[in-house]
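Inside the fold
Each chain, written out:
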Amino acid sequence: MEINMSFYWGPCSEGPHELYFKDLSKRKKQVMEKNGNNRKLRVCVATCNRADYSKLAPIMFGIKTEPEFFDLDVVVLGSHLIDDYGNTYRMIEQDDFDINTRLHTIVRGEDEAAMVESVGLALVKLPDVLNRLKPDIMIVHGDRFDALALATSAALMNIRILHIEGGEVSGTIDDSIRHAITKLAHYHVCCTRSAEQHLISMCEDHDRILLAGCPSYDKLLCAKNKDYMSIIRMWLGDDVKPKDYIVALQHPVTTDIKHSIKMFELTLDALISFNKRTLVLFPNIDAGSKEMVRVMRKKGIEHHPNFRAVKHVPFDQFIQLVAHAGCMIGNSSCGVREVGAFGTPVINLGTRQIGRETGENVLHVRDADTQDKILQALHLQFGKQYPCSKIYGDGNAVPRILKFLKSIDLQEPLQKKFCFPPVKDNISQDIDHILETLSALAVDLGGTNLRVAIVSMKGEIVKKYTQFNPKTYEERINLILQMCVEAAAEAVKLNCRILGVGVSTGGRVNPREGIVLHSTKLIQEWNSVDLRTPLSDTLHLPVWVDNDGNCAAMAERKFGQGKGLENFVTLITGTGIGGGIIHQHELIHGSSFCAAELGHLVVSLDGPDCSCGSHGCIEAYASGMALQKEAKKLHDEDLLLVEGMSVPKDEAVGALHLIQAAKLGNVKAQSILRTAGTALGLGVVNILHTVNPSLVILSGILASHYIHTVKDVIRQQALPSVQDVDVVVSDLVDPALLGAASMVLDYTTRRIY
């Protein structure tokens, strides 16, 4: 799945990789002893085209950084050596790699027969090279026909094979080639958990599978170029602005060449009609590419004022171009994999990438059979900004791969062993056989405190950070970003792989856009706040945002007493009163994201004033604020304190003092709590009559004090048909954090394609 570009890969300056490499060099002696020899591992990296070099180059740099462990031989073949495709072997030389061997293996013709003949030519030439180099292991990438020739030659010559990006599903003949290489390879480095599952299902030995992420993400996630405007101007013109141009990259589909050529023609027509400046990259060398170039020239794309047609772009410049594009369109794997790291909108055309896992930035037009469909997709996607996705990597693939290489025992038998069913459980391990805990970063934005936690898949809070919630927007958003960055860095040390960020906040939230629409009075300067964009841009992770009541319900659904239930309601009894409704296993948001504002159910027409502007709401009776107000009244009248009770002068009177007084026999305090519990009970009765859940869960610090009164009210006031509905106190300690985490864990683990 070749990306038609040239690449320049240099290690990120002063990144974590260099420190990692230095640390590992100290362990040279132990690793050599483990391998049973005192010689270095001889690694042959064979690169066939511009696309696979983007994935192999970071590994090559890592290997080159550790000459005490590895000897590196580089073999270049395929389209690298063709002038029409940019002679991109020169880029490998510019990266300061010594090319050991150049093999001219491409038979020109750009049709099916030429692809077969190219494989045959490579098979004829490779044995001499491998006999001369005698590598311990050959690294092969992906699903290209050239890679199949490499894997076949190495396997037949008893050379161990490490296959990069096996187990993935895309479309066309690439799938068959990829899986064929998997069966020839001895070791596997995959990029996603689904790919790992596929490899296990294909009976590959789980101990020889490494879930590392895509090596190219090690470059993408540390790519910083403040001078991106000069790159945009160089390739698209001086008058082009960021987010106001398109990058188009479309390749032939070898199993349906005729249709793919027609689709390319429709794409160009749609782009002409859309009338935006567009950078069009030439297709790869697959069968059908020659016809696609003819279509470009027939339509005058190379001379059209709105188009810039190029054969390749240096990779460090290409990533800046796609990062700041208004949209990318085509059928390249680059669009559905790498571009997600920037949140750039992508339109994926046809079936070439039909099985790929994608972020929400990708819009699929699988039947791209009319110009109008493609044009409509352009109108829908152009100029949007999506959360940055890390489905394919977290920027730490190369250190994992180097550890994997060092663990290979050359004394083990060469013969592959297949693990036929029953298949091992879905467990991923790094090379130290330590489970990397899949985790979420959870943020809870309360009226007083700001909390960030690393939460595991099982609902365990691995580590929690707490700070006072600042009063201004700027201070608050900066503190959130700072705490999240620190927690994400700590997660690496704790061996936790962060899948995304979930945010729980007070107020009305649009979870689709990640925006706080209106906040409670407890959190100032917090209206119309976009939380998703700054978090996603800073952490390069997908971000989910929701109301704290909804988060409490989601926590119960995943980790608490609502687990497995189809319908239930959660009521939070804290500073305010909130809640969430689960109906048919799904959270109810409502038409204007105002569902489950349960604290503002009116239970008395002449009740006390509520913070919402109304009166007689549950919150005006039963919230922590309401109880604090009543406690202050009693205290001011010297009616709060009883024997055995005192309140220090520097301590504010609150709800807990009222509860303490009631427990010690204060009749007035007991009456206030009974009234509050009755109001809450009437609200629960209304919920039972309206939603008819199978369970009501009371959550929050006041829940245990209300539970008995609520049950009494239900027995007295509810219809007989709902009196048997159980009301329980939540056993979750941090429902807001767990609910925020559940948004991440539910979405990232149930992704289907």
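Residues numbered from 1 in each chain as written. Predicted model: local features only at pLDDT ≥ 70, side-chain atom pairs only at ≥ 80, totals over all residues. Heavy atoms only, no water.

The name given to the protein in an unreviewed UniProt entry is Bifunctional UDP-N-acetylglucosamine 2-epimerase/N-acetylmannosamine kinase, and the organism recorded there is Phyllostomus discolor. Quoted verbatim from the Subcellular location (unreviewed entry) heading of the UniProt record, the comment on the protein is "Cytoplasm, Cytosol". (UniProt positions renumbered as here; feature names shortened; annotations may be inferred.)

Glancing now at the pattern of salt bridges. In a structure, side chains of opposite charge can pair up when their charged atoms sit close to one another. For the structure shown, the criterion picks out 32 salt bridges. Taking the shortest distance from any N to any O, the salt bridge between Asp96 and Lys64 comes out at 3.4 Å. Here Lys64 lies in helix α3 (residues 50–65) and Asp96 lies in the loop between α4 (89–94) and β3 (99–103), a separation of 32 residues in the sequence. Exposure remark for Lys64: the relative accessible area of 36% places this residue in the partly exposed category. Between Lys558 and Asp746 there is a salt bridge, with the nearest N and O atoms lying 3.0 Å from each other. Taken together, the positions of Lys558 in helix α19 (residues 548–559) and Asp746 in helix α25 (residues 735–749) put the pair 188 residues apart, joining distant regions of the chain. In the salt-bridge network here, residues are joined through shared partners; they are Lys55, Glu165, Glu168, Arg337, Glu338 and Arg356. (Salt bridge = Lys/Arg side-chain N within 4 Å of Asp/Glu carboxyl O. Helix = DSSP H or I, 4+ residues; strand = E, 2+ residues; numbered from the N terminus. Buried < 20%, exposed > 50% of the residue type's maximum accessible area, 1.4 Å probe, protein only.)

Attention now moves to the nonpolar core. Counting residues in hydrophobic clusters, the biggest one holds 61 residues, and the most contacted among them are Met138, Leu150, Ile246, Ile329, Ile347, Leu349 and Leu378. Considering each element in turn, this core owes the most residues, nine residues, to helix α11 (residues 257–274). Two domains each donate at least three residues to this core, and these are domain 1 (38–214) and domain 2 (222–381). Sequence-distant contacts of Leu150, defined by excluding residues within four places in its chain, comprise Ala46, Cys48, Leu77, Leu126, Met138 and Val140. One finds Ala596, Ile659, Ala662 and Leu702 within the second-largest nonpolar core, a separate group that totals 42 residues. (Core = buried A, V, L, I, M, F, W, Y, C linked by side-chain atoms within 4.5 Å. Domains from an automatic or database assignment. Contact = heavy atoms within 4.5 Å.)

Now for the UniProt feature "binding site: Zn(2+)" (unreviewed entry) in the protein. Here, the residues flagged by UniProt with the feature "binding site: Zn(2+)" (unreviewed entry) are His600, Cys610, Cys612 and Cys617. Spanning 18 residues, the annotated positions come together in the fold, the maximum distance between their C-alpha atoms being 8.8 Å. Topologically, His600 is positioned in the loop between β24 (586–587) and α20 (618–622). For His600, the residues in contact, after removing those within four places along its chain, are Cys610, Cys612, Cys617 and Glu619. Here Cys610 lies in the loop between β24 and α20. Judged by relative accessible area, which is 10%, Cys610 ranks as buried. With residues up to four places along the chain from it excluded, the contact list for Cys610 reads His600, His615, Cys617, Glu619 and Ala620.

On to a negative patch on the surface. Taken together, Asp111, Glu112, Glu117 and Glu291 make up a surface patch of like negative charges. With respect to the element layout, Glu112 can be found in helix α5 (residues 112–133). Residue Glu112 is classed as partly exposed on the basis of its relative accessible area, which comes to 45%. (Patch = residues over 30% accessible without salt bridge, like charges linked within 9 Å, V, L, I, M, F, W, Y side chains within 5 Å. Areas by Shrake-Rupley, 256 points an atom, 1.4 Å probe, with all protein chains shown as cover. Lys, Arg positive; Asp, Glu negative; His and termini not counted. Charge placed at Lys NZ, Arg CZ, Asp CG, Glu CD.)

We now examine the environment of Glu357. Here Glu357 is to be found in the loop between β12 (346–349) and β13 (362–365). Accessibility expressed as a relative area gives 12% for Glu357, which makes it buried. Spatially, the C-alpha atoms of Glu357 and Val169 are 8.2 Å apart, while their sequence positions differ by 188 residues. A distance of 3.3 Å separates the side chain of Glu357 from the side chain of Ser194, its partner in a polar contact. (Polar contact = N/O pair within 3.5 Å; in protein donor to acceptor, adjacent residues only side chain to side chain.)

Next up on the list: the sheet that holds strand β25 (residues 695–699). The five strands lie next to each other as β24-β23-β22-β25-β26, forming an open sheet whose pairing is mixed. Strand pairing shows two members of the sheet lacking a second neighbour, β24 and β26 (726–729), which therefore form its edges. As paired elements, β25 and β26 share four bridges and run parallel to each other. The residue of β26 that forms the bridge with Leu698 is Val729. Strands β22 (568–573), β23 (577–583), β24 and β25 of the sheet are contacted by α19, whose axis makes an angle of about 125 degrees with β22. Strands in contact with helix α23 (residues 667–691) are β22, β23 and β25; relative to β22, the strand with the most contacts, it is inclined by about 160 degrees. (Pairing = 2+ DSSP bridges. Axes fitted to C-alpha atoms, helices over the stretch in contact; angles between N-to-C directions.)

Take the packing of aromatic side chains next. Using the criterion set out here, one finds five aromatic pairs in the structure. Here the aromatic rings of Phe69 and Phe70 are separated by 6.3 Å at their centres, their planes lie at 45 degrees, and the arrangement is tilted. Comparing Phe69 with Phe70 shows no difference in burial state: the two are buried. Ring centres of Tyr473 and Trp526 lie 6.1 Å apart, and the angle between their planes is 45 degrees; this geometry places the pair in the tilted category. (Phe/Tyr/Trp six-rings, centres within 6.5 Å; stacked < 30°, edge-to-face > 60°.)

Before going further, it helps to examine the UniProt feature "binding site: an N-acyl-D-mannosamine" (unreviewed entry) in the protein. As annotated by UniProt and renumbered to match this structure, "binding site: an N-acyl-D-mannosamine" (unreviewed entry) occupies Arg508, Thr520, Asp548, Glu597, His600 and Glu619. Mapped onto the elements, Arg508 comes out in strand β18 (residues 508–510). Once you skip the residues sitting within four places of it in the chain, Arg508 turns out to touch Ile515, Val516, Leu517, His518, Ser592, Phe593 and Cys594. Along the chain, Glu619 turns up in helix α20. The buried category is assigned to Glu619, whose relative accessible area is 8%. Not counting chain neighbours up to four residues away, the residues in contact with Glu619 comprise Gly576, Ile577, Gly599, His600, Cys610, Ser611, Met625 and Ala626.

The next point concerns the sheet that holds β3. Strand order in this open sheet of seven strands is β3-β2-β1-β4-β5-β6-β7, and the pairing throughout is parallel. Each edge of the open sheet carries a strand with a single partner, namely β3 and β7 (209–211). Pairwise comparison of adjacent strand axes, ignoring direction, gives a mean angle of 20 degrees for this sheet. Inspection of the sheet shows strand β2 (residues 70–77) paired to β3 by four bridges, in the parallel sense. Bridging across to β3, Val75 finds its partner in Thr101. Against the sheet, helix α8 (residues 193–201) makes contact with β6 (187–190) and β7, and its axis sits at roughly 170 degrees relative to β7, the strand it touches most. Against the sheet, helix α16 (residues 397–407) makes contact with β1 (41–47), β2, β4 (137–141), β5 (160–164), β6 and β7, and its axis sits at roughly 160 degrees relative to β7, the strand it touches most.

Relative to the helices and strands, Ile582 is located in strand β23. It is 8.0 Å that separates the C-alpha atoms of Ile582 and Arg557, two residues lying 25 residues apart in sequence. When near neighbours in sequence (up to four residues on either side) are disregarded, Ile582 contacts Ala553, Arg557, Glu566, Asn567, Phe568 and Leu587.

What follows concerns the confidence of the model for the protein. Summarising the model, the protein shows a mean pLDDT of 88, and 92% of its residues fall at 70 or more. A low-confidence stretch, residues 1–33 (pLDDT under 50), is modelled with 109 contacts involving residues beyond four sequence positions or located in other chains. Under a pLDDT of 50 for its full length, residues 426–434 has, in the predicted model, 23 contacts with residues more than four places off or in other chains. (pLDDT = per-residue confidence, 0-100.)

Counted at 1.5 Å a residue, the expected span for helix α24 (residues 703–717) with its 15 residues is 21 Å, and the 20 Å between its end C-alpha atoms agrees. Along α24, the residues that are buried comprise Ala703, Tyr706, Ile707, Val710, Val713 and Ile714. (Expected span 1.5 Å × (residues − 1).)

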